[in-house]
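Fold and geometry: a report
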Amino acid sequence: MTFYHFTGIKGSGMSSLAQILFDSGEQVQGSDVETYFFTEQPLRDRNIKILPFDENNIQPGMTIIAGNAFPDDHPELLRAKELDLEIIRYHKFLGEYIKNYTSIAITGAHGKTSTTGLMSHVIGGYMPTSYLIGDGTGTGKEDASFFVMEACEYRRHFLAYQPDYTVMLNIDFDHPDYFADVEDVFSAFEQLALQVKKAIIACGDDEHLQKIQANVPVVYYGFGENNDFSARNIEKTTEGTSFEVYVRNEFYSKFFIPLFGDHAVLNSLAVISLCHYEDIPAQVIQERLTTYTGVKRRFTETKIGNNVLVDDYAHHPTEIKATIQSARQKYPDRPIVAIFQPHTFSRTQAFLQQFADSLSKADAVYLCDIFGSAREKQGALSIDDLGKLIEGSSIIQTENIELLKQYNNAVFLFMGAGDVHKYQDAFEDLLKKSEETA
């Protein structure tokens, strides 16, 4: 048994990895800031010790896993060097760890977390599967043969992995604080493609992914009939979506998913394609698709009275569009109210007009102050710059959250990658108080 100490254990990937190692019988503890993050709950459920940052946390005999957000001169890491302990960065550790399994890395600018959750759930119904999801969820099975993981392109961290399979969902320009343009993003995916051992499952409807070069088969899926796996005869209802899958133009099977929006069909089709490649029966795939309940912060619903509050991680114009489309399919007769908190100044600046265009698809738009990041605390623009581009939009604070009470029987989409939950919490409290006094 190894004693692992995680410096930055509340990070979404770090928390997941700590859970996996703990489940696999290792000794695990970690440190972080004292602010509460939703990623820490699964750690507490397992009674994994979470300490405040302190160099005295580091003791002889430990192996240190360091979160990518923490510099080499962090006091804990300096202490570990003094004690001559092994220090491994999160993505490097993971790159070595997955070599013990048939590994499936899920990549893409959008949809990674949802697809990783869906893939691990479906494959887990067929073979013991360990998985690492970027919403702070991880499970380690001692007898696992598959390992499903979310692999992030930011700072090219996913190049630490040499997976058996890679699922490439899409290529889009994001993380403008690191990538120069979409061609720079493409070059990172191209590099990863050359490291894959068995096959790449890629969305053929994505113009960039059509150009991916690899030393292994590239299997394409999508709506287009020229894809190896294509979804046809799609039927959308308020209960979910059904579609037929054709494999190289031959009917394979019909599937139903309790999910909404075009992106949900594509994510499911990626899972079906990989499962078919691994000879997992269609009946098993359908049974697992039906019982999938989703991942954290991806169209997570709370119902209060006749209102629906949705918590969603959407923080890029493409994701906002997909979230609004999902809401329209599931709740076609209700007003859709978007409450959006931009995440980082560089992203807001880079996509200002696209944010305005995607948010305008809602019936009403409320904007929260831009949420900075550890790397980027301020910028040259403010939320007013976005507000000017969206007709009828309003700026909202937690103090004037009652502005939202003018809507009834509505769907409220709280979207963002920062702390947008505090706006939802404030609105929930207000609605609950109104119900008590009614």
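Note: the structure precedes this text.
Residues numbered from 1 in each chain as written. Predicted model: local features only at pLDDT ≥ 70, side-chain atom pairs only at ≥ 80, totals over all residues. Heavy atoms only, no water.

Attention now goes to the packing of helix H1 (residues 12-23) against helix H4 (residues 90-97). Between H1 and H4, the shortest axis-to-axis distance is 11 Å and the interhelical angle comes to 40°. By the criterion of interaxial angle, the relationship of H1 to H4 is oblique. Both H1 and H4 take part in a crossing whose hand is left-handed. Each of Gly13, Met14, Leu17, Ile20 and Leu21 in H1 lies in contact with H4, whose residues at this interface are Tyr90, Phe93, Leu94 and Tyr97. Counted by class, the contact of H1 with H4 contains 8 nonpolar, 1 polar and no charged residues. (Axes fitted to C-alpha atoms, helices over the stretch in contact; angles between N-to-C directions. Helix = DSSP H or I, 4+ residues; strand = E, 2+ residues; numbered from the N terminus. Parallel < 35°, antiparallel > 145°, perpendicular 65-115°, else oblique. Left-handed = near helix turned anticlockwise from the far one by under 90°. Contact = heavy atoms within 4.5 Å. Nonpolar A, V, L, I, M, F, W, Y, C, P; charged D, E, K, R; others polar.)

This paragraph deals with the nonpolar core. If you look at the biggest cluster of nonpolar residues, it comprises 116 residues, and the most contacted ones within it are Phe6, Ile104, Leu359 and Leu386. Every residue in contact with Leu386, bar those within four places of it in the chain, is listed here: Phe340, Pro342, Leu352, Phe355, Ala356, Leu359 and Leu367. Of all hydrophobic cores here, the second largest spans 18 residues; its members include Ala364, Cys368, Val420 and Tyr423. (Core = buried A, V, L, I, M, F, W, Y, C linked by side-chain atoms within 4.5 Å. Buried < 20%, exposed > 50% of the residue type's maximum accessible area, 1.4 Å probe, protein only.)

Now for the pairing of strand E11 (residues 199-203). For E11, a buried count of 5 out of 5 residues is recorded, marking the element as mostly surrounded by other parts of the structure. Of the pairings in the sheet, the one linking strand E10 (residues 165-168) to E11 comprises 4 bridges and is parallel in character. Bridge assignment links Val167 to a residue of E11, and that residue is Ile201. Crossover handedness for the path E10 to helix H6 (residues 182-193) to E11: right-handed. Pairing of E11 with strand E12 (residues 218-222) involves 4 bridges; the strand directions are parallel. The residue of E12 that forms the bridge with Ala202 is Tyr220. (Pairing = 2+ DSSP bridges. Right-handed = clockwise from strand over helix to strand, strands pointing away.)

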